[in-house]
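Okay, here's what each chain looks like letter by letter:
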Amino acid sequence: MMCQHHACWSANPVTLFGMWLKSSMGLPTFRYHPDPIATGAVVRESATCLCCGKTVDHVYVASAYLTHEFDRNLCPWCIADGSAHQKYDVEFTDSHPLFKAQIDDAIITEVATRTPGYISWQQEEWMTHCNDACAFLGDATRETVRNMTADEMAPLTSQHGVDSKWFAELAQHYQPGGQPAIYHFRCLHCKTNLFGMD
């Protein structure tokens, strides 16, 4: 996945047109992952997409679940339109927690197969609220963690068997992307903030 800018100059006109077309369209919109560049799931890098075969300037670098190894050069457009899933039977997040939450199958399909996943230390868990999947906003900021309400903190302390004193100590030293990591989600309906931790 090394960026090879010199390849652009030797590419044929059809390849260059495909690259220009995808770049000029802007990145696709993901309802449940509104800014995959900010979260680090998609990076700006010149590569040939494994799925569509076009030279693109953004590639997906987060989790992927499938039955065989493959070069992960997938563009976000092939994730958004479902073609990457259709071609490789790949999913981008663990769908089990979504099924456990008993949300609509169409939502589970959209999150698992047409939405970029996120980078986590362990198995990621997509949060749900109001009978829908939440929007993933990325690693929680230091300010967000330090200002978490008791209601926002309670699921984390309960799930991980820690108390509020431990969490207050964590908040003082927390760094986004560090260990432990705290992942920020927001309900699309009532705007409640939810958090995962690993």
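Residues numbered from 1 in each chain as written. Predicted model: local features only at pLDDT ≥ 70, side-chain atom pairs only at ≥ 80, totals over all residues. Heavy atoms only, no water.

Some words on the nonpolar core
Here comes step 1: Counting residues in hydrophobic clusters, the biggest one holds 20 residues, and the most contacted among them are Cys51, Tyr60, Leu74, Ala84 and Phe92.
Here comes step 2: Where this core is concerned, the elements lending two or more residues are strand E1 (42-48), strand E2 (55-60), helix H4 (76-80) and helix H5 (83-88).
Here comes step 3: Dropping the residues within four chain positions of it, alanine 84 is found in contact with Cys51, Leu74, Cys78, Ile79, Asp89, Val90 and Phe92.
Here comes step 4: In this structure, Tyr32, Ile103, Phe136 and Phe185 belong to the second largest nonpolar core, which totals 17 residues. (Core = buried A, V, L, I, M, F, W, Y, C linked by side-chain atoms within 4.5 Å. Buried < 20%, exposed > 50% of the residue type's maximum accessible area, 1.4 Å probe, protein only. Helix = DSSP H or I, 4+ residues; strand = E, 2+ residues; numbered from the N terminus. Contact = heavy atoms within 4.5 Å.)

Remarks on the sheet that holds strand E7 (residues 193-197)
The strands that make up a sheet are held in pairs by hydrogen bonds between backbone atoms, and each pair lies either parallel or antiparallel.
Here comes step 1: The sheet built from three strands is open, its strands ordered E5-E6-E7 with antiparallel pairing. Because the sheet does not close on itself, it has two edges, and the strands there are strand E5 (135-139) and E7. Pairwise comparison of adjacent strand axes, ignoring direction, gives a mean angle of 25° for this sheet. (Pairing = 2+ DSSP bridges. Axes fitted to C-alpha atoms, helices over the stretch in contact; angles between N-to-C directions.)

Section: the pattern of salt bridges
Here comes step 1: Throughout the structure, instances matching the rule amount to two salt bridges.
Here comes step 2: Here arginine 31 and aspartate 132 are joined by a salt bridge, their closest N and O atoms 3.3 Å apart. Placement of arginine 31 in the loop between helix H2 (13-24) and helix H3 (36-39) and of aspartate 132 in strand E4 (residues 132-133) is noted, with a sequence separation of 101 residues between them.
Here comes step 3: Among the ionic pairs, arginine 44 bridges to aspartate 57, the shortest N-O distance being 3.7 Å. Here aspartate 57 lies in strand E2 and arginine 44 lies in strand E1, a separation of 13 residues in the sequence. (Salt bridge = Lys/Arg side-chain N within 4 Å of Asp/Glu carboxyl O.)

With respect to the state of the cysteines
Here comes step 1: Across all of its chains, the model carries zero disulfides by this definition.
Here comes step 2: As a non-bridged cysteine, cysteine 52 has cysteine 49 as the owner of its nearest cysteine sulfur, 3.7 Å distant.
Here comes step 3: For cysteine 52, a relative accessible area of 27% puts it in the partly exposed group.
Here comes step 4: Cysteine 187 provides the cysteine sulfur closest to cysteine 130, a residue in no disulfide bond, and the two sulfurs are 3.6 Å apart.
Here comes step 5: A relative accessible area of 38% means that cysteine 130 is categorised as partly exposed. (Disulfide = S-S within 2.5 Å.)

Topic: the packing of aromatic side chains
Here comes step 1: Evaluation of the coordinates by the stated rule reveals eight aromatic pairs.
Here comes step 2: Taking the centre distance of 5.6 Å and the plane angle of 70° together, the rings of tryptophan 126 and phenylalanine 185 count as edge-to-face. Here tryptophan 126, found in the loop between helix H7 (105-114) and strand E3 (128-129), pairs with phenylalanine 185, found in strand E6 (residues 182-186); they are 59 residues apart in sequence, far enough to count as distant. (Phe/Tyr/Trp six-rings, centres within 6.5 Å; stacked < 30°, edge-to-face > 60°.)

Considering the environment of valine 111
Here comes step 1: Relative to the helices and strands, valine 111 is located in helix H7.
Here comes step 2: According to the relative accessible area criterion, valine 111 is buried, its value standing at 0%.
Here comes step 3: With 24 residues separating them in the primary sequence, valine 111 and alanine 135 have C-alpha atoms 9.8 Å apart.

A closer look at the layout of surface pockets
Here comes step 1: Roughly 350 Å³ of volume is contained in the largest pocket.
Here comes step 2: Around the largest pocket, the lining comprises 20 residues; the ones closest to its centre are Met127, Gln159, Phe195, Gly196 and Met197.
Here comes step 3: At the level of secondary structure, the elements contributing two or more residues to the lining of the largest pocket comprise helix H9 (150-160) and E7.
Here comes step 4: Top contributing element to the lining of the largest pocket by residue count: H9, with six residues.
Here comes step 5: One number sums up the size of the second largest pocket: a volume of about 180 Å³. (1 Å grid on protein atoms, 1.4 Å probe; cavity = no way out; pocket = protein on both sides within 12 Å on 5 of 7 lines; lining within 4 Å. Points joined across faces, edges and corners; volume = space filled by probe spheres on them.)

A short note on the pairing of E7
Here comes step 1: Of all five residues that make up E7, four are buried, and the element is covered over most of its length.
Here comes step 2: As judged from the five bridges shared by E6 and E7, these two strands associate in the antiparallel manner. Paired with tyrosine 183 across the bridge in E7 is glycine 196.

Things to note about the confidence of the model for the protein chain
Here comes step 1: The predicted model of the protein chain has a mean per-residue pLDDT of 85, with 86% of residues at 70 or higher.
Here comes step 2: Counted against residues more than four places away or in other chains, residues 1-24, with its pLDDT under 50, gives 29 contacts. (pLDDT = per-residue confidence, 0-100.)

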